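# Tertiary structure, described
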Amino acid sequence: MKPETESFFERVYEVAKLIPYGKVTSYGAIAKYLGAAKSARIVGYAMNGSFGKDVPAYRVVNRKGLLTGKHHFEGTNLMQQLLESEGIEIIDNQIQNFEAVFWNPLVELEQL
DNA sequence: TTTCTGACTCGAA
DNA sequence: CTTCGAGCCAGAA
């Protein structure tokens, strides 16, 4: 895979970029995929610096499907609108039918 | 250098 | 059922 020279952040970005259209994943799932299951916070922190990059940070939510990071986007509902435009239903910052749109890198990427 | 905080998560009380 | 605390990594003060 990637050399260890790349920081945890870089790896987070790469995984986030692999999230397919109409799907979402959680900070913890990405963290676990990177081998740091208890470093979900760092993933969220990394997302903070992903703004302006090719990283679809809006497709990353917490494990409950709650848009905890929406406050970091422009306006108050940009994150939600972006997700809804991909066919994901959101009510009160909560993704509906979350498990149906959940993309697990642990499962999807292990087959590559 | 130490300390604090953060878009999280899990387990215990 | 709700509430609380600990653990993780990185960067700023």
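Up top you'll find the structure we're talking about.
### Describing helix 1 (residues 8-17)
Residues spaced three or four apart along an α-helix face the same direction, because each turn holds 3.6 residues. Where helix 1 is concerned, the buried positions are V12, Y13, V15 and A16. Taken down its axis, helix 1 places every buried residue within 165° of arc, on the same side. The inward-facing, buried residues of helix 1 contact helix 2 (27-33), helix 3 (40-48) and helix 6 (105-108).

### Let's talk about helix 3
Within helix 3, burial applies to V43, A46 and M47. Relative to the axis of helix 3, the buried residues are bounded by an arc of 105° and lie together on one face. What points out from helix 3, more than 90 degrees from its buried face, is the exposed set R41 and Y45. Packed against the buried residues of helix 3 are helix 1, helix 2 and strand 2 (60-61).

### Points about the protein's contact with DNA strand B
Taken together, 17 residues lie around DNA strand B, and Y27, M47, N62, R63 and H72 are the ones closest in. Restricting attention to atoms of DNA strand B within 4 Å of the protein, one finds that 54% of them are sugar or phosphate atoms. Contacts to DNA strand B include M47, whose backbone N or O atom sits 2.9 Å from a base nitrogen. Residue R63 places a side-chain N or O atom 2.5 Å away from a phosphate oxygen belonging to DNA strand B. Counting residues per element, the ones that place at least two in the surface near DNA strand B are helix 2 and helix 3. A total of seven residues in the surface near DNA strand B trace back to one element, the largest contributor, which is helix 3. Classifying every residue of the surface near DNA strand B by side-chain character gives seven nonpolar, eight polar and two charged.

The rules we used
- Residues numbered from 1 in each chain as written.
- Chains lettered and ligands numbered in written order.
- Predicted model: local features only at pLDDT ≥ 70, side-chain atom pairs only at ≥ 80, totals over all residues.
- Heavy atoms only, no water.
- Buried < 20%, exposed > 50% of the residue type's maximum accessible area, 1.4 Å probe, protein only.
- Helix = DSSP H or I, 4+ residues; strand = E, 2+ residues; numbered from the N terminus.
- Arc of directions from axis to C-beta.
- Contact = heavy atoms within 4.5 Å.
- Near = heavy atom within 4 Å.
- Polar contact = N/O pair within 3.5 Å; in protein donor to acceptor, adjacent residues only side chain to side chain.
- Nonpolar A, V, L, I, M, F, W, Y, C, P; charged D, E, K, R; others polar.

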